[in-house]
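Per-entry structural report
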Amino acid sequence: STLRRLENMGAQTYIIAGNHDVIDQQGRSSALEPIRAIGFQYIDIIHDIKKRFYKGITIVALPHISKARAIEQGFKGVQDYIDIKSMRIEEVLPEDKPVIVIGHHNIAGAKTGTEGFMIKGAQEEFPKVLKESKKVNYIFNGHIHKPQVIPNESGAPIIITGDIQCNDFGERLDQKQFFHLTVEV
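Quick look at the structure, then. Because the structure is predicted, anything quoted here is derived from the model rather than measured. (Residues numbered from 1 in each chain as written. Predicted model: local features only at pLDDT ≥ 70, side-chain atom pairs only at ≥ 80, totals over all residues. Heavy atoms only, no water.)

1. Considering the overall build of the chain
What counts here: Secondary structure is summarised from DSSP: a helix means a run of H or I of at least four residues, a strand means a run of E of at least two, and numbering begins at the N terminus for each. Whether two residues touch is decided by their heavy atoms; if any such pair falls within 4.5 Å, the residues are in contact.
Check the secondary structure of the chain and you find 6 helices and 8 strands. Listing the helices and strands of the chain from first to last along the sequence gives α-β-α-β-β-β-α-α-β-α-α-β-β-β. Within the chain, counting contacts between residues at least 6 apart in sequence, those at least 24 apart form 59% of the total.

Here it is as structure tokens:
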């Protein structure tokens, strides 16, 4: 499998949970759990907002979070959870080392494909504090199926990776892509 090849190469890989990975209403179970159960050393499955450190690079992960999970942790809702946890993380980000944010949320101004009909007003937005942070060098975001780069005057450009495969005929003309990022530290 692709994951086994990445593992054998020693390529640190981060997989963040998305809305399609959740398999129960409480958001406690994920289709990614079997990957975690394999016990890969270099494949990191992320279900909660957190920081990771890799060779001098700070990686901030913003996976999809269920409403039940946010409320269980004492937040008013998902957007509240995302905004407050992101603010706490942004306050302690280094200013002198690369910071990469990977997320799975809506982005204001993004062009959607056919999934746009399902997500209008229903999903949480990428946190403003990280979009505008001068400490962030790269922002990669999933969730939106149409690959694109959104200029961001106040921070790093937002690279929407899009799906790696077509989900319906509305995406048949989209150029699908895969990212391999090399950062000099």
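2. Section: the nonpolar core
The line we're drawing: Here, nonpolar core refers to any group of buried Ala, Val, Leu, Ile, Met, Phe, Trp, Tyr and Cys residues whose side-chain atoms link them within 4.5 Å. The classification of residues rests on relative accessible area computed with a 1.4 Å probe and restricted to protein chains. Under 20% of the type maximum is buried, over 50% is exposed, and intermediate values are partly exposed.
Formed by 24 residues in total, the largest nonpolar core has its most connected members in Val-60, Val-101, Leu-130 and Val-136. Mapped onto this core, the elements with two or more residues apiece are strand E4 (57-62), helix H4 (78-91), strand E5 (99-103) and strand E8 (158-160). Sort the elements by how many residues they give to this core and H4 lands first, with 4 residues. Contacts of Leu-130, omitting those with residues within four sequence positions, involve Val-60, Leu-62, Ser-86, Glu-90, Leu-93, Val-101, Val-136 and Ile-139.

3. As for helix H1 (residues 2-9)
For clarity, the cut-off: An arc is given here, and it is the one of the directions from the helix axis to the C-beta atoms.
Buried within H1 we find Leu-3, Leu-6 and Glu-7. On an axial view of H1, the arc spanned by its buried residues comes to 100°, and they lie on one face. Relative to its buried face, H1 has exposed residues pointing more than 90 degrees away, namely Arg-5, Asn-8 and Met-9. Contacts from the buried residues of H1 go to strand E1 (13-16), helix H2 (33-38) and strand E2 (43-46).

4. Some points on the side chain of Ser-86
The residue Ser-86 is located in helix H4 in this model. Residue classification places Ser-86 among the buried residues on the basis of a relative accessible area of 0%.

5. Here's the deal with the environment of Ile-100
Structurally, Ile-100 is set in strand E5. Judged by relative accessible area, Ile-100 falls into the buried class, the value being 8%. Along the chain, Ile-100 and Lys-135 lie 35 residues apart, while their C-alpha atoms are 9.4 Å from each other. Excluding residues that lie within four positions of it along the chain, Ile-100 makes contacts with Ile-57, Thr-58, Ile-59, Val-60, Tyr-138, Phe-140, Leu-181 and Val-183.

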